[in-house]
Amino acid sequence: MKTVLVSGAGVAGCALAYWLGRCGFVPTVVERAPGVRPGGQAVDVRGVALGVVERMGLLGRVREVATRMRGMSVIDANGEELHRSTEATFSGGRLDSGDVELLREDLVGVLEQLGAGRAEFVYGDRIVALDEGEHGVHVAFEYGPARTFDLVVGADGLHSTVRTLAFGPEGTSPHHLGTHLAIFSAENFLGLDNWQLWHRDGDAGYGIYPVRDNSELRITFGFASGALDPATRDPQVLRQEVADRMGALRWETPRLLNALWTAPDFYADAMAQVRLDRWSRGRAVLVGDAGYCASPLSGQGTSLALVGAYILADALRRTGGDHRAAFARYEARMRPFVALNQALATENPGGAAGEESLERAKNALTLDA
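Rules behind the numbers
- Residues numbered from 1 in each chain as written.
- Predicted model: local features only at pLDDT ≥ 70, side-chain atom pairs only at ≥ 80, totals over all residues.
- Heavy atoms only, no water.
- Helix = DSSP H or I, 4+ residues; strand = E, 2+ residues; numbered from the N terminus.
- Expected span 1.5 Å × (residues − 1).
- Polar contact = N/O pair within 3.5 Å; in protein donor to acceptor, adjacent residues only side chain to side chain.
- Axes fitted to C-alpha atoms, helices over the stretch in contact; angles between N-to-C directions.
- Parallel < 35°, antiparallel > 145°, perpendicular 65-115°, else oblique.
- Left-handed = near helix turned anticlockwise from the far one by under 90°.
- Contact = heavy atoms within 4.5 Å.
- Nonpolar A, V, L, I, M, F, W, Y, C, P; charged D, E, K, R; others polar.
- Phe/Tyr/Trp six-rings, centres within 6.5 Å; stacked < 30°, edge-to-face > 60°.
- Lys NZ or Arg CZ within 6 Å of the ring centre and 35° of its normal.
- Pairing = 2+ DSSP bridges.

Student: Could you clarify how one ought to interpret helix 10 (residues 323-346) in this entry?
Tutor: Three- or four-residue spacings in an α-helix give side chains the same orientation, since the helix completes a turn every 3.6 residues. Taking 1.5 Å of rise per residue, the 24 residues of helix 10 would be expected to cover 34 Å, and the 32 Å separating its terminal C-alpha atoms lies within 8% of that figure. The opening residue of helix 10 is Asp-322, an N-cap whose side-chain oxygen sits 3.2 Å from the backbone nitrogen of Arg-324.

Student: Which parts of the structure should I look at to understand the packing of helix 10 against helix 11 (residues 355-362)?
Tutor: To characterise two packed helices, one gives the angle between the axes of the helices and the distance between these axes. At a closest axis distance of 9 Å, the pairing of helix 10 and helix 11 adopts a crossing angle of 155°. Our classification of the angle between helix 10 and helix 11 gives roughly antiparallel. As helix 10 runs across helix 11, the sense of the crossing is left-handed. Along its contact with helix 10, which presents Phe-337, Leu-340, Asn-341 and Leu-344, the element helix 11 presents Ser-357, Leu-358, Arg-360, Ala-361 and Lys-362. Of the residues belonging to the contact of helix 10 with helix 11, the class tally is 5 nonpolar, 2 polar and 2 charged.

Student: How should the packing of aromatic side chains be read in this particular structure?
Tutor: How two aromatic rings sit relative to each other is given by the distance of their centres and the angle of their planes. In total, this model carries 8 aromatic pairs according to the counting rule given. Their ring planes at 75° and their centres at 5.4 Å tell us that Phe-184 and Phe-221 sit as a pair that is edge-to-face. Taken together, the residues span a long stretch of sequence, with Phe-184 in strand 14 (residues 175-187) and Phe-221 in strand 17 (residues 216-224) at a distance of 37 residues. Put simply, the rings of Tyr-18, Trp-19 and Tyr-310 touch in pairs and so form one group of aromatic residues. Positioned above the aromatic ring of Trp-279, the side-chain terminus of Arg-335 is 4.2 Å from the ring centre.

Student: Sorry, what's going on with the sheet that holds strand 11 (residues 137-141) here?
Tutor: Remark on secondary structure: sheet strands pair via backbone hydrogen bonds, oriented parallel or antiparallel. As summarised here, the arrangement of the 3 strands in space is 10-11-12, forming an open sheet in which the pairing is antiparallel. Edge positions in the open sheet fall to strand 10 (127-132) and strand 12 (147-149), since each of these has one partner strand only. Pairwise comparison of adjacent strand axes, ignoring direction, gives a mean angle of 30° for this sheet. Bridge count for strand 11 against strand 12 is 3 bridges, and the pairing is antiparallel. Within strand 12, the residue paired with His-138 across the bridge is Thr-148.

In short, the description is geometric, and any link to function would need to be established separately.
Below you can see the structure in the form of structure tokens.
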């Protein structure tokens with residue numbers, strides 16, 4: 001049986017581990033974090049991705065841990081309501097749709113638990129070098145001993161190590177969309193009851209919503225900016241950058257900024273897309289954000305990851321593990337789907353995608369083709 005190393009234990013990596021194991025491969029997942037990463041925003045499983053989750057036998061479980069939003073308010077600089085909706089939210093779309101919104105950490109936890117029955121998971125380590133030979137890829141790790149695998153998959157996100165190592169300069173520059181987001185958790189000091197608050201003033205704004213039976217908040221800060229200095233990726237430097245950008249906002253901003261400094265799960269990054277002419281090189285291939293990040297502005301990154309993992313594993317199964325034929329099949333099936341979903345962010349940079357565009361994009365692929 002062919003061995004496959006998957007870099008990254010996020011949505012794409014955990015889903016792929018399950019499908020590879022089910023298709024007769026021997027997957028190993030390496031993740032630099034010590035375990036499932038905590039925190040993160042609410043994500044959406046939509047359209048054809050719901051079919052993938054259903055085939056994994058997880059649809060009921062995913063719906064059990066879904067958010068329970070009743071609606072949202074748009075507020076002004078003083079916290080006064082300007083608009084409200086009980087029909088849709090900015091984070092999850094229409095409340096009467098069949099789509100599922102849930103916390104990223106909950107989805108990854110469910111996927112990892114399922115994938116662990118079919119794959120080896122190695123936490124606290126990362127790939128540092130790839131050396132491809134005629135019959136496999138020799139992989140060096142930061143801590144563990146080197147190993148050889150038949151194939152290597154980069155499921156390691158926007159700043160993919162596998163993409164950098166396998167593609168070189170061609171794979172190092174995501175396309176910046178001019179916006180940065182920061183996401184972190186806090187106690188529900190606003191007393192929100194399954195209700196979202198959104199505010200924007202000029203080039204900065206935030207969204208706030210409760211989770212965990214209204215015991216916690218997820219706070220999302222956003223601001224327009226060109227590419228930041230690479231040094232800004234240092235967590236403390238990045239916190240200060242976010243605080244400086246958001247400091248002029250009023251209402252509860254001081255309390256929100258206090259929460260930013262103490263949050264154990266603070267995360268921030270540029271909104272960017274990965275646009276490559278190909279998603280594979282030799283025995284290495286990319287899936288999810290590593291290969292075709294659409295950015296959170298699309299609302300479809302999670303669905304792309306789930307569908308991409310399924311289509312890649314299915315292509316390897318159908319071709320008997322012939323990676324050249326499998327990677328070509330994978331790209332041929334996924335590229336039109338990716339293009340439509342990436343366009344949701346670039347065609348609507350100032351807000352959520354239109355319902356018609358989203359409906360077309362999220363269902364623009366069939367699993368059994």
